[in-house]
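A closer look at the structure
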Protein chains: 6
Amino acid sequence: MQLAHATWPEVEAYLAKDTTRGIIIPIGATEQHGPNGLIGTDHLCAEFVAKGVGEVCNAYVAPTLTYGMSQHHLGFTGSVTLRPSTMAAMVRDIVQSLNVHGFEKFFFLNGHGGNVTPLKAAFDEIYADASLGANPAAFKTRCMTMMWQAGGRTRALAQELYHGNSGMHATAAEISLVQFYRPDDIKHVEMSPKVAPPHTDFFHSLDYRMRYPDGRIGSDPSMSCPEHGERLLKATVTDLSEAYQAFLAY
Amino acid sequence: MQLAHATWPEVEAYLAKDTTRGIIIPIGATEQHGPNGLIGTDHLCAEFVAKGVGEVCNAYVAPTLTYGMSQHHLGFTGSVTLRPSTMAAMVRDIVQSLNVHGFEKFFFLNGHGGNVTPLKAAFDEIYADASLGANPAAFKTRCMTMMWQAGGRTRALAQELYHGNSGMHATAAEISLVQFYRPDDIKHVEMSPKVAPPHTDFFHSLDYRMRYPDGRIGSDPSMSCPEHGERLLKATVTDLSEAYQAFLAY
Amino acid sequence: MQLAHATWPEVEAYLAKDTTRGIIIPIGATEQHGPNGLIGTDHLCAEFVAKGVGEVCNAYVAPTLTYGMSQHHLGFTGSVTLRPSTMAAMVRDIVQSLNVHGFEKFFFLNGHGGNVTPLKAAFDEIYADASLGANPAAFKTRCMTMMWQAGGRTRALAQELYHGNSGMHATAAEISLVQFYRPDDIKHVEMSPKVAPPHTDFFHSLDYRMRYPDGRIGSDPSMSCPEHGERLLKATVTDLSEAYQAFLAY
Amino acid sequence: MQLAHATWPEVEAYLAKDTTRGIIIPIGATEQHGPNGLIGTDHLCAEFVAKGVGEVCNAYVAPTLTYGMSQHHLGFTGSVTLRPSTMAAMVRDIVQSLNVHGFEKFFFLNGHGGNVTPLKAAFDEIYADASLGANPAAFKTRCMTMMWQAGGRTRALAQELYHGNSGMHATAAEISLVQFYRPDDIKHVEMSPKVAPPHTDFFHSLDYRMRYPDGRIGSDPSMSCPEHGERLLKATVTDLSEAYQAFLAY
Amino acid sequence: MQLAHATWPEVEAYLAKDTTRGIIIPIGATEQHGPNGLIGTDHLCAEFVAKGVGEVCNAYVAPTLTYGMSQHHLGFTGSVTLRPSTMAAMVRDIVQSLNVHGFEKFFFLNGHGGNVTPLKAAFDEIYADASLGANPAAFKTRCMTMMWQAGGRTRALAQELYHGNSGMHATAAEISLVQFYRPDDIKHVEMSPKVAPPHTDFFHSLDYRMRYPDGRIGSDPSMSCPEHGERLLKATVTDLSEAYQAFLAY
Amino acid sequence: MQLAHATWPEVEAYLAKDTTRGIIIPIGATEQHGPNGLIGTDHLCAEFVAKGVGEVCNAYVAPTLTYGMSQHHLGFTGSVTLRPSTMAAMVRDIVQSLNVHGFEKFFFLNGHGGNVTPLKAAFDEIYADASLGANPAAFKTRCMTMMWQAGGRTRALAQELYHGNSGMHATAAEISLVQFYRPDDIKHVEMSPKVAPPHTDFFHSLDYRMRYPDGRIGSDPSMSCPEHGERLLKATVTDLSEAYQAFLAY
């Protein structure tokens, strides 16, 4: 169920009966995904998977956070970043707002690896206000984030489909998922080398661009196809639904 | 054209030829819209209209900002607010990011009245950094915001359709537009009184809820229908395309 | 009554009897006002009018906020700006301070158009802390701002005196009011063109200076005289006193 | 010369000839000053003295900062505080603004002891941006603050007039100065004890109120009179003019 | 070499010859470490290991950051936390300071798992200022963090010494290392159960205390002894020296 | 007693019996101290003296804050500064953390003059939250700072040892104290002139370096020796223990 497509009396009625206190918040990014990946790949994936998990778990899905922490991608046209401090403020405001209504468990279904540390720092900023006695209300808040690729079924399937070439950015898996979500936006682009340079540590955007000239890390997204996307969606919705239910049970 | 559905080489190629330096950023809210209005009304409207304007003007449309400044709606379940300071940080980061790539004119196509003052304060925060010599790069930035309802054709049509009952929040016009955008989510709800209490000044969320018990201000959204939405879309896309072109010409 | 000219036992005694909980806070700016307007025009006007309203309404008038949000005027020597975020912090601190003593209704009597959006963003920042449950004490706070030129009598009189040449900045009306307040500081300056270029959208300080070479927008301040100032003062004190009383009755 | 009473072409002409690059900024507070002291005492003193120093030194005097860091006085009605962080933002914005026009030496003529540490912290915040390479423009900025009571002549005169009862807050000296500045606002109040409890360390507002029940520290302001104020003004204007000239020579 | 024990001419001479531009910054925490672990365990370990790595690599070691992000430990007496935002400010200031002198590669040798995400968020905050064009100087900055337990030799040794009972907090390994560093502060405490409850997700301090009643997670620190500490030190200094050299080679 | 060398049950047991609610927090700096002074001089002194005071007073000593506000020293290699705002955040977090456990009186034993104003501003930031009603818990907090050189015995001894050449920075007294603390790090350096230029006002780091070419202010640290350090330690531990006890009695 999409929060955006409900009315306030519907949400009020839901919360009157719901005992989980949980809600799903998809978060992604707006950043380059190599020669054939869409700039919206990460938030499109998060949104698509969250929709499925919300249906399976009868949970509300909040509107997608379409921008993420992508400073390292700014060397490629079209990429946008939020500073970590901005993301922390955004997460705090959304969590505090939903907490006013009675939601207490916030599952940030994440499509972008670069969001993980700023999200966790944001959670600790919220908890610190509780733990330090500055905002005892925050003791009612629990946050978790998980990437859609992180579940067992999904990882196994990506391994089966792409062997050693799953890579780290602009992967065949995420591009396949988007191709299934948005078949009209499939791009056919030759890539050279076929498999992108492998993952190393990187720092800022100049550094990233020097290491990964077309934006990909370790991946071969020419292997993408919508049929893979369909299978990956099924796997990840099952994985993430399990993870969400486990989170609710904490 | 949706930025989210493009690849980075496509955007790079576009900017190599484009002389306008402009981009459209839809911004809305996640907040109650009365008994039959969707919580996502404001960002759905902004997104829908921005898509049309982007096509007419051959401009990129950035991913939608789905949350806005809605503190006064927090008395109604499901509403979410960003603090004005959070919105200012978010706007600054997005504008600075796109400015790195060469975009210089930022048109925030707005679906929510409550965003107007925090958006303008955010713009002045950016300009102040230029004017004070702290960030001369910001002299290359121009921002504008306009609500989709604000153009002449759209106002005339809303007046024609709803006479004196256009109201201020959860209006028949915005709900009609969403009904045309998302016909599967039309809600049929009896409302009493038929026309909501008229607009007055209001302050925080307790105050708002006391003044407007079901969330509407001065409106009769039972008059909404998808056909109105279709006509309103056409009017506003024309209005806003004109406004966007005028902004580019500054 | 000026808060600055009272002792603390006097204010304590006043609040023990007062049931309005209101206070008036004049706010202006320190910025260029064209060839013959004083840099302090906006805060001098706000201070002068507030004094009158305080007397009519038996209300305390807090010390004048002499600096405002004037980033667009920094191309002209002597102009000073506060960033919107600075103004928000200043307004929050003053409101919280006076709230400790029992004042609950804060009327920011404003002399500068550029303050309107940052002031309203500041109010929403305060309300958001209440609405989000972070500072429930803020539910006792109500803020309003109104420009001294905005009342019906004052607008009618300015129209009568200056016809179509009231303009938007460095207006004959505000300069007349200051000439009546500070007759020793009247400046006689030739201006060319007589009527300044009309209002358009503007952005940062370089942009503003290019559009309005001597700082005025659409005005002919050579029409100013202290006698007009006297009549304008009378009109605005009546207008604003009505507005203040109406605000107290909310 | 008052910056507020000049036009921008006058200030531009002044700076074209001036080689000192200096400006005086009066700063005070809005806080209780015992049974007969005005709430505006500190900013009235700063403003009054600054006017004199500006005339002696042919320097511009910026509009008075009427609010200061007064958290410890909030136990007494009418007192207002800025947080130190708010004051730092305000000082930074004003200094950066005036620096754009060519002012480089900022003399904060201070009427309130509680402002000293937050002002100095604010100066170091500005210098740190220069020293850390974040804002090299700030290397052109020099700030100083001095209390009007701190010069040799003034201290000697206060000692002569009030002997051992000069005290620390709501002193006979500051109240005399205000009585000379604003003779219509002289208050006649019996005080008991005649001399207030002596200065000790204090912390927050509850603590301060407990230690100093009527707000005074160590003073006997019943000794105040406008004639003392006249003599004190003469002494302090001489003292502070010397100090300002010495600062310009650094 | 300890930066704290050098003079400025010595550091200047070092940098004139050094081509690595690297420096080591130990960071730990001040937080409970179970019944027999010292509150300073994490920063003592980081300091001890950093000293060794500095000697092996001929690198300066900056003074230890003794406080970390420990909000989850605040349910146990003596624990102190920095908010993530505070840590980000602290890291930014230290990195910017050392960058002024010519250091460019910052290796945060970390003794506390809870620091990892706020540290990485802090690094991205710095890089974002470079990538967004706000502070191009930051393009000269590269940061890395690694926990002393994370190298291959150290993990193998801990596995050899403690088998499946290495645990996650108040581990035998870290307590052994501290016992070797500070033999006078060895505490003999009976613990029940011998092995602490296993690691699960946790959130804020109330939650943590409920899950782990004596503060330990999954560990049996009764196995600690100084001899283990000596062997662990040797292993980790080798591991971390390799990691530091690899970082310099990026 | 060092907090870092205690276990949490030990601190809990201490607080169950302790009625003072006090704790000592050493704070220094990482900054140049002239040709023969260690960069860590200020935090080494604070740490060394705090250890002695903690023993005399049976009080816990928190881990040393090794970095301070040293922007003016950044012209000399190896110096590090925290911005005043960063120090305020750090102090707030540490005080709030220890307050959760029952500590209420915080004695910042200070080794660096440049910390005084940012520390006091930080204290007022904490108190303001109490006084303004934003965080009533802060009414339980009292903070004090004192430099180790400030007591009567210590000043008399420094005068006896160094006569008129005590100076202001890189003093013989502080360097003697460090020589006694760390005899292995004594540096023998010729200095010219023997006595450094006298103290004047200074501003940012370029300005400081110009005035004091080798970093010293008014001092002759060639007079330092460990024996002086021993005598100074004894004097200051007595002075500061008295001051700490007096603070507890407030």
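Residues numbered from 1 in each chain as written. Chains lettered and ligands numbered in written order. Predicted model: local features only at pLDDT ≥ 70, side-chain atom pairs only at ≥ 80, totals over all residues. Heavy atoms only, no water.

This brings us to the overall build of chain A. When helices and strands are tallied, chain A shows eight helices and three strands. Along chain A, from the amino end to the carboxyl end, the secondary structure elements read α-β-α-α-β-α-β-α-α-α-α. The C-alpha atoms of chain A give 18 Å as radius of gyration, which agrees with the globular expectation for 250 residues (18 Å, within 12%). Dimensions of chain A along its principal axes, counting C-alpha atoms only, are 55 × 35 × 30 Å. Within chain A, buried positions represent 66% of all 250 residues. The centroid of the 19 positive side-chain charges in chain A is displaced by 3 Å from the centroid of its 25 negative side-chain charges. (Helix = DSSP H or I, 4+ residues; strand = E, 2+ residues; numbered from the N terminus. Rg over C-alpha atoms; globule rule 2.2 N^0.38 Å. Buried < 20%, exposed > 50% of the residue type's maximum accessible area, 1.4 Å probe, protein only. Lys, Arg positive; Asp, Glu negative; His and termini not counted. Charge placed at Lys NZ, Arg CZ, Asp CG, Glu CD.)

What follows is about the environment of Gln149 of chain A. All names here are of chain A. As for its placement among the helices and strands, Gln149 is situated in the loop between β3 (142-147) and α5 (152-162). For the pair Gln149 and Cys45, spaced 104 residues apart in the sequence, the C-alpha separation amounts to 9.9 Å. Look past the residues within four positions of Gln149 in its chain and what remains in contact with it is Asn110, Gly111, Thr154, Arg155 and Glu174. (Contact = heavy atoms within 4.5 Å.)

On to the nonpolar core. Core analysis: the largest hydrophobic core is formed by 136 residues, its most contacted members being Phe108 of chain E together with Phe108 of chain F. One finds Ile27, Ala62, Met90 and Val95 of chain C within the second-largest nonpolar core, a separate group that totals 135 residues. (Core = buried A, V, L, I, M, F, W, Y, C linked by side-chain atoms within 4.5 Å.)

Take the sheet that holds strand β1 (residues 22-27) of chain D next. As a general point, the strands of a sheet are linked pairwise by backbone hydrogen bonds and lie either parallel or antiparallel. Residues and elements named next belong to chain D. The strand order β1-β2-β3 describes an open sheet built from three strands, whose pairing is parallel. The open sheet has two edge strands with one neighbour each: β1 and β3 (142-147). Pairs of neighbouring strands in the sheet enclose a mean axial angle of 20 degrees, with direction left out of account. Where β1 meets strand β2 (residues 105-110), six bridges bridge the pair, whose relative direction is parallel. (Pairing = 2+ DSSP bridges. Axes fitted to C-alpha atoms, helices over the stretch in contact; angles between N-to-C directions.)

A few words on the confidence of the model for chain A. Averaged over every residue, the pLDDT of chain A is 96; the share at 70 or more is 100%. Taken together, the chains of this predicted complex give a pTM of 0.97 and an interface ipTM of 0.97. (pLDDT = per-residue confidence, 0-100.)

Turning next to helix α6 (residues 172-181) of chain F. Residue and element names in this part refer to chain F. Most of α6 sits out of view: eight of its ten residues are buried. If you check which residues of α6 are buried, you get Ala172, Ala173, Glu174, Ile175, Ser176, Leu177, Val178 and Gln179. Buried positions along α6 lie against α2 (41-57), α5 (152-162) and α8 (226-248).

Turning our attention to the sheet that holds strand β3 (residues 142-147) of chain B. Residue and element names in this part refer to chain B. Read from one edge of the open sheet, three strands run β1-β2-β3, paired in parallel fashion. Two strands close off the open sheet at either side, each with one partner strand: β1 (22-27) and β3. Strand-to-strand twist in this sheet, taken as the mean axis angle between neighbours without regard to direction, amounts to 20 degrees. Strands β1 and β2 (105-110) of the sheet are contacted by helix α2 (residues 41-57), whose axis makes an angle of about 155 degrees with β1. Contacts between helix α4 (residues 116-131) and the sheet are confined to β1, β2 and β3, with β3 contributing the most and set at about 175 degrees to the helix.

This part takes up the relation of the copies chain B and chain A. The transform that puts chain B on chain A rotates by 180 degrees and translates by 0.0 Å along the axis, for an RMSD of 0.0 Å. Accordingly, the operation relating the two chain copies is best matched by a two-fold axis. Residue Thr86 of chain B of chain B places its C-alpha closer to the rotation axis than any other residue of that unit, at 3.3 Å. Mapped onto chain A, 100% of the interface residues of chain B again fall at the interface, so both copies present the same surface. (Least-squares fit on C-alpha atoms with pLDDT ≥ 70 in both.)

Moving on to the interface of chain B and chain A. Taken together, the 55 residues of chain B in the interface contact 55 residues of chain A. Of the roughly 4200 Å² buried where chain B meets chain A, counting both sides, 59% is carbon and sulfur surface. Of all residues in chain B, the largest losses of buried area upon contact with chain A belong to His5, Trp8 and Thr77 of chain B, amounting jointly to 19% of the total for that side. The interface formed by chain B and chain A includes four salt bridges. Lys187 of chain A serves as the salt-bridge partner of Glu10 of chain B, at 2.8 Å between the closest nitrogen and oxygen. Linking chain B with chain A are 30 residue pairs in polar contact (both at pLDDT 80 or more). Among the secondary structure elements, those contributing two or more residues to the side of chain B that touches chain A are α1 (8-17), α2 and α3 (84-101) of chain B. Here the element with the most residues in the side of chain B that touches chain A is α3 of chain B; it accounts for eleven residues. Its residues placed into classes, the side of chain B that touches chain A shows 26 nonpolar, 19 polar and ten charged. (Buried area = accessible area lost by both parts, 1.4 Å probe. Salt bridge = Lys/Arg side-chain N within 4 Å of Asp/Glu carboxyl O. Polar contact = N/O pair within 3.5 Å; in protein donor to acceptor, adjacent residues only side chain to side chain. Nonpolar A, V, L, I, M, F, W, Y, C, P; charged D, E, K, R; others polar.)

Attention shifts here to the packing of aromatic side chains. The geometry of an aromatic ring pair is captured by two quantities: the separation of the ring centres and the angle between the planes. One pass over the full model with this rule turns up 84 aromatic pairs over all chains. Summarising the aromatic geometry, the rings of Phe107 of chain A and Phe247 of chain A are spaced 6.0 Å apart at their centres and angled 45 degrees between planes, so their arrangement reads as tilted. With a gap of 140 residues between them, Phe107 of chain A in strand β2 (residues 105-110) and Phe247 of chain A in helix α8 (residues 226-248) connect regions that are remote in the sequence. When sorted by exposure, Phe107 of chain A lands in the same class as Phe247 of chain A, which is buried. Relative to Trp8 of chain F, the ring of Phe76 of chain E has its centre 5.0 Å away and its plane inclined at 65 degrees; by these criteria the two rings are edge-to-face. Here Phe76 of chain E is found in the loop between α2 (41-57) and α3 (84-101), whereas its partner Trp8 of chain F is found in helix α1 (residues 8-17) on a different chain. (Phe/Tyr/Trp six-rings, centres within 6.5 Å; stacked < 30°, edge-to-face > 60°.)

Before going further, it helps to spend a moment on helix α4 (residues 116-131) of chain E. Residues and elements named next belong to chain E. With 16 residues, α4 should cover 22 Å at 1.5 Å per step; its first-to-last C-alpha distance of 22 Å lies within 8% of that length. Burial of α4 is extensive: twelve of the 16 residues sit out of reach of the surface. Residues Thr117, Pro118, Leu119, Ala121, Ala122, Phe123, Asp124, Ile126, Tyr127, Ala128, Ala130 and Ser131 constitute the buried set of α4. Among the residues trailing α4, Gly133 stands out with phi positive, at a value near 80 degrees. (Expected span 1.5 Å × (residues − 1).)

A few words on the pairing of β1 of chain B. Put simply, side chains in a regular strand alternate between the two faces of the sheet. Summarising burial for β1 of chain B: six of the six residues are buried, a large majority. The alternating pattern of β1 of chain B places Gly22, Ile24 and Pro26 of chain B and Ile23, Ile25 and Ile27 of chain B on opposite faces, both of which are buried.

This paragraph deals with the side chain of Gln179 of chain B. All names here are of chain B. Within the secondary structure, Gln179 sits in helix α6 (residues 172-181). In this structure Gln179 comes out as buried when scored by relative accessible area, which is 8%. Among the polar contacts listed, one links the side chain of Gln179 to the backbone nitrogen of Cys225, at a separation of 3.2 Å. What Gln179 contacts, discounting residues up to four positions off in sequence, is Ile186, Ser224, Cys225 and Pro226.

Our focus in this paragraph is the side chain of Asn99 of chain E. As for its placement among the helices and strands, Asn99 of chain E is situated in helix α3. Among all residues touching Asn99 of chain E, those that are not within four sequence positions of it are Glu104, Phe106, Ala137, Lys140 and Thr141 of chain E.

On to the pairing of β2 of chain B. Residue and element names in this part refer to chain B. For β2, the buried fraction is high: six of the six residues fall into the buried class. Side-chain alternation along β2 places Lys105, Phe107 and Leu109 on one buried face and Phe106, Phe108 and Asn110 on a second face that is also buried. In the sheet, β2 pairs with β3 via six bridges, with the strands oriented parallel. Within β3, the residue paired with Phe108 across the bridge is Thr145. With α4 bridging β2 and the parallel β3, this β-α-β connection has right-handed handedness. (Right-handed = clockwise from strand over helix to strand, strands pointing away.)

Here we come to the pattern of salt bridges. Using the criterion set out here, one finds 84 salt bridges over all chains in the structure. Residue Lys194 of chain B pairs with Asp220 of chain B through a salt bridge whose shortest N-O separation is 2.5 Å. In this pair, Lys194 of chain B is assigned in the loop between α6 and α7 (205-211) and Asp220 of chain B in the loop between α7 and α8 (226-248), connecting sequence segments 26 residues apart. Here Glu160 of chain D and Arg231 of chain D are joined by a salt bridge, their closest N and O atoms 3.1 Å apart. Of the two residues, Glu160 of chain D sits in helix α5 (residues 152-162) while Arg231 of chain D sits in helix α8 (residues 226-248), which places them 71 residues apart along the sequence.

On to the arrangement of the chains. Between chain A and chain D there is no contact, and the shortest C-alpha to C-alpha separation is 17 Å. A minimum C-alpha distance of 17 Å separates chain B and chain F, which share no contact.

Moving on, we come to the environment of Ala16 of chain C. Residues and elements named next belong to chain C. Along the chain, Ala16 falls in helix α1 (residues 8-17). On the accessibility criterion, Ala16 (67% relative accessible area) is exposed. Sequence separation between Ala16 and Phe76 is 60 residues; the distance between their C-alpha atoms is 47 Å.

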